[in-house]
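Okay, here's what each chain looks like letter by letter:
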Amino acid sequence: MSAKAPTARLDKLLANLGYGSRREIAGLARAGAIVLDGAALVDAGRRIAVTPDLPARMTVDGEALDPPPHLTLMLHKPLGVTCSHKEAGPLVYGLLPVRWRRRDPALSTVGRLDKETSGLLLLTDDGALLHRIIAPRANVAKRYRVSLDRPLNGNEGAILASGTLVLEDDDRPLLPVGFSVEDATHATVTLHEGRYHQVRRMFAALGNHVTALHRDRVGGLDLPGDLEAGAYRVMGEDDVAKVFAAG
Ligand code: URA
């Protein structure tokens, strides 16, 4: 255990992880349902060190404790779910354990993907990290695989690289966009900013239409091939570092 680890009252820590009210946590503790390093913690008012290894050392009702803050996830966003806390219909948060919706600090998506875009989506409860990732200064690139309605005409790469394309309703041109052709109706684009519906609007401005959109990389972090659509994974420090590494 690190001497510098923050400490928290057990009832507050578990209440903020969504396990119930502080009174309910006190009941769980009295019943011997909270175990740390093999010993029941019966006093919910006791302070404990909040270390990243706590889930390996603490159980609640026989199950490993949920990851304490700060928690950062990579999720393979499927089609048809919305990046929102409150819109109607299926939400990305519905793909996470129910208890996690009661966490404080809450998990938020790092930017958004459209409802009909799939791929790598990050979520975090660490506001400072979220802002570091989306800050223009960080220049975290986002890579998308694009399927198009009509064949490419050959001038898209030059236009996107020029940094002169102005999208409808925008007043300043896009930053240069990385572009590579996969085949006549498939391309890969790499964005260095994140404007509303940017990829779809870009190809509309180029006289085409996006039929499918999938993000497979954020910074230097690839969507793992074995992470199925709808599944998520807790990110470690190495994964977070990859986000800031050049893609
Ligand atoms: N550009 C879009 O048009 N949609 C997304 O979801 C992401 C980038």
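Reading the values: the criteria
- Residues numbered from 1 in each chain as written.
- Predicted model: local features only at pLDDT ≥ 70, side-chain atom pairs only at ≥ 80, totals over all residues.
- Heavy atoms only, no water.
- Helix = DSSP H or I, 4+ residues; strand = E, 2+ residues; numbered from the N terminus.
- Buried < 20%, exposed > 50% of the residue type's maximum accessible area, 1.4 Å probe, protein only.
- Contact = heavy atoms within 4.5 Å.
- Areas by Shrake-Rupley, 256 points an atom, 1.4 Å probe, with all protein chains shown as cover.
- Lys, Arg positive; Asp, Glu negative; His and termini not counted.
- Charge placed at Lys NZ, Arg CZ, Asp CG, Glu CD.
- Phe/Tyr/Trp six-rings, centres within 6.5 Å; stacked < 30°, edge-to-face > 60°.
- Lys NZ or Arg CZ within 6 Å of the ring centre and 35° of its normal.
- Near = heavy atom within 4 Å.
- Polar contact = N/O pair within 3.5 Å; in protein donor to acceptor, adjacent residues only side chain to side chain.
- Domains from an automatic or database assignment.
- Salt bridge = Lys/Arg side-chain N within 4 Å of Asp/Glu carboxyl O.
- Buried area = accessible area lost by both parts, 1.4 Å probe.
- Arc of directions from axis to C-beta.
- Pairing = 2+ DSSP bridges.

### Considerations on the overall build of the protein
- Looking only at helices and strands, the protein features seven helices and 15 strands.
- Its C-alpha atoms give the protein principal-axis dimensions of roughly 70 × 35 × 35 Å.
- Every one of the 247 residues in the protein was classed for burial, and the buried ones make up 43%.
- In the protein, the share of contacts with a sequence separation of at least 24, taken over all contacts with a separation of at least 6, comes to 63%.
- Of the roughly 12,800 Å² that the protein leaves accessible, carbon and sulfur atoms contribute 52%.
- Here the protein contributes 31 positive and 30 negative side-chain charges, whose respective centroids are spaced 6 Å apart.

### Details of the packing of aromatic side chains
- With the rule as written, the count across this model stands at one aromatic pair.
- Between the NZ or CZ atom of R103 and the centre of the ring of W100, over which it lies, the distance is 5.8 Å.

### Remarks on the site of the ligand
- As a matter of local geometry, the ligand sits amid L113, D114, T117, Y144, H197, Q198, V199, R200 and L213.
- In this structure, an oxygen atom belonging to the ligand sits 3.1 Å away from a main-chain N or O atom of R200.
- Considering the ligand on its own, with 240 Å² of exposed area, one finds that the protein chains cover 95% of that surface.
- The element that contributes the greatest number of residues to the shell around the ligand is helix α6 (residues 198–205), accounting for three residues.
- Of the residues that make up the shell around the ligand, three or more belong to each of domain 2 (72–136 + 221–243) and domain 3 (141–218).

### Thoughts on unusual backbone geometry
- Of note, the amide linkage connecting P69 to H70 takes the cis form, showing an omega dihedral of -5°.
- Looking at where H70 falls in the secondary structure, it is placed in the loop between β6 (63–64) and β7 (72–77).
- Residue P105 is reached from D104 by a cis peptide bond, and omega for that bond is 5°.
- Structurally, the position occupied by P105 is in the loop between β7 and β8 (108–109).

### Focus: the pattern of salt bridges
- Counted by the stated rule, this structure contains 17 salt bridges.
- In this structure, D216 engages R143 in a salt bridge whose closest nitrogen and oxygen atoms are separated by 3.0 Å. One end of the pair, D216, is in strand β13 (residues 210–218); the other, R143, is in strand β10 (residues 142–148), and 73 residues separate them in sequence.
- Taking the shortest distance from any N to any O, the salt bridge between E193 and R195 comes out at 3.1 Å.

### Some words on the domain arrangement of the protein
- Each assigned domain of the protein is listed with its residue range as follows: domain 1 (7–64), domain 2 (72–136 + 221–243) and domain 3 (141–218).
- Spacing between the C-alpha centres of domain 2 and domain 3 amounts to 23 Å.
- A buried area of about 1,000 Å², summed over both sides, lies between domain 2 and domain 3, and 38% of it is on carbon and sulfur atoms.
- Our enumeration of links across domain 2 and domain 3 arrives at two salt bridges.

### Comments concerning the side chain of S84
- Secondary-structure assignment places S84 in the loop between β7 and β8.
- Within the local environment of S84, its side chain forms a polar contact with the backbone nitrogen of E87, the two atoms lying 3.0 Å apart.
- The contacts of S84, once residues within four sequence positions are left out, are L91, Y93 and R112.

### Concerning α6
- Within α6, the full set of buried residues consists of Q198, V199, M202 and F203. On an axial view of α6, the arc spanned by its buried residues comes to 125°, and they lie on one face.
- Contacts from the buried residues of α6 go to β10, α5 (156–162), β11 (178–183), β12 (186–191) and β13.
- After α6 finishes, the residue G207 shows a positive phi value of roughly 80°.

### Thoughts on the pairing of β7
- In terms of burial, β7 is largely enclosed, as six of its six residues are buried.
- Every second residue of β7 is oriented toward a common face, with T72, M74 and H76 on one face and L73, L75 and K77 on the other, all of them buried.
- Here six bridges tie β7 to strand β9 (residues 117–124), and the two strands are oriented antiparallel to one another. Following the sheet pairing, H76 is matched in β9 by L120.
- Two elements, β7 and strand β15 (residues 232–234), share three bridges in a ladder whose sense is antiparallel. Paired with L73 across the two strands is V234, which belongs to β15.

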